[in-house]
Amino acid sequence: MQQVFEQAYEQLRNAASRDDLVTVIGKVAFAFGFRSAYAVEFDIEKSLIIDAIDTVPGRIKFFEEYHRTNMKRLHKPWQSYLNGPSLNELKPERLLHAHPDYQAFCERCDIASLWMVMITYSGQWVASVGFSGEPNHVTRSDKLALRMFSYNLIAHLRYLRTREERQYVETQALSRREREVLDLASQGMTSPQIAKQLSIAVRTANQHFENAALKLGTRNRAHTIAEAIRHQLLG
């Protein structure tokens, strides 16, 4: 399995979207003989899903239902697994005496038979990575590798989300006209040339530039253009 994880880590490093992460976790899952896999990150109260990826389209909505309703009270508290092994093997037998609603939920989500890594930071359970089904022979080192992979997967999921949020905020911070002015300035145009290109007054062009600099926290024209390019706000 070493080659599987080497390829997975390489793909994680190059992942540019959630779809890329789904592809990576899917390949790891299928290499072990699992049917599917998912990763879910939630808030401290476990009442809200912050982010998630899944190889099964549509399954996430059932997880959202689980966290939104009292479903999690119908079975053994997940908190009890924190004191267990790093990779929990949850077998269908655990559902024999479970509440019927919870049994139905597990069957619907294909998590009756589940290998689950509970991701903790600073002692807080913040995410889960699950692999559904009965895998092929898994060695002790394979279990450790799956746990390490799961932590790396969640780290990359967080990175992508943080990057998307930052880009959204930064893009929204500048008006359309401000981005146009910066885009033309990055091509070497002066304020009079920009004003002529956009059919606006030179003073207006300079004002847009000053507004953009204020929003980006930059010191001068060159710094403003450089920051706009670095944050991919142009073009």
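These numbers come from a predicted model, not from an experiment.

**Examining the sheet that holds strand 5 (residues 124-132)**
Spatial strand order, 2-1-5-4-3: five strands in an open sheet with antiparallel pairing. On the outer flanks of this sheet lie strand 2 (49-54) and strand 3 (87-90), each paired with one strand and no other. Each strand of the sheet is rotated relative to its neighbour by a mean of 20°, with strand direction disregarded. Where strand 4 (residues 114-121) and strand 5 come together, eight bridges link them in antiparallel fashion. Bridge assignment links threonine 120 to a residue of strand 5, and that residue is tryptophan 125. Here helix 3 (residues 60-68) sits on the sheet in contact with strand 1 (36-42) and strand 2, set at roughly 150° to strand 2.

**Points about the packing of aromatic side chains**
Enumeration according to the criterion identifies nine aromatic pairs in this entry. Between phenylalanine 42 and tryptophan 125 the ring centres are 4.9 Å apart and the planes differ by 80°, which places this aromatic pair in the edge-to-face class. With a gap of 83 residues between them, phenylalanine 42 in strand 1 and tryptophan 125 in strand 5 connect regions that are remote in the sequence. The same class applies to phenylalanine 42 and to tryptophan 125, which are both buried. Three or more aromatic residues link up through ring pairs in this structure, and these residues are Phe5, Tyr9, Phe32, Phe34, Trp115, Phe131 and Phe149. The lysine or arginine in question, arginine 221, covers the ring of phenylalanine 209, its NZ or CZ lying 4.4 Å from the ring centre.

**Observations concerning the environment of leucine 146**
Note on placement: leucine 146 falls in helix 5 (residues 140-173). Using a relative accessible area of 0% as the deciding quantity, one classes leucine 146 as buried. Residues leucine 146 and phenylalanine 5 lie 141 residues apart in sequence; the distance between their C-alpha atoms is 8.6 Å. The contacts of leucine 146, once residues within four sequence positions are left out, are Phe5, Val28, Phe32, Phe34, Leu87, Val117 and Phe131.

What counts, and at which threshold
Residues numbered from 1 in each chain as written. Predicted model: local features only at pLDDT ≥ 70, side-chain atom pairs only at ≥ 80, totals over all residues. Heavy atoms only, no water. Pairing = 2+ DSSP bridges. Helix = DSSP H or I, 4+ residues; strand = E, 2+ residues; numbered from the N terminus. Axes fitted to C-alpha atoms, helices over the stretch in contact; angles between N-to-C directions. Contact = heavy atoms within 4.5 Å. Phe/Tyr/Trp six-rings, centres within 6.5 Å; stacked < 30°, edge-to-face > 60°. Buried < 20%, exposed > 50% of the residue type's maximum accessible area, 1.4 Å probe, protein only. Lys NZ or Arg CZ within 6 Å of the ring centre and 35° of its normal.

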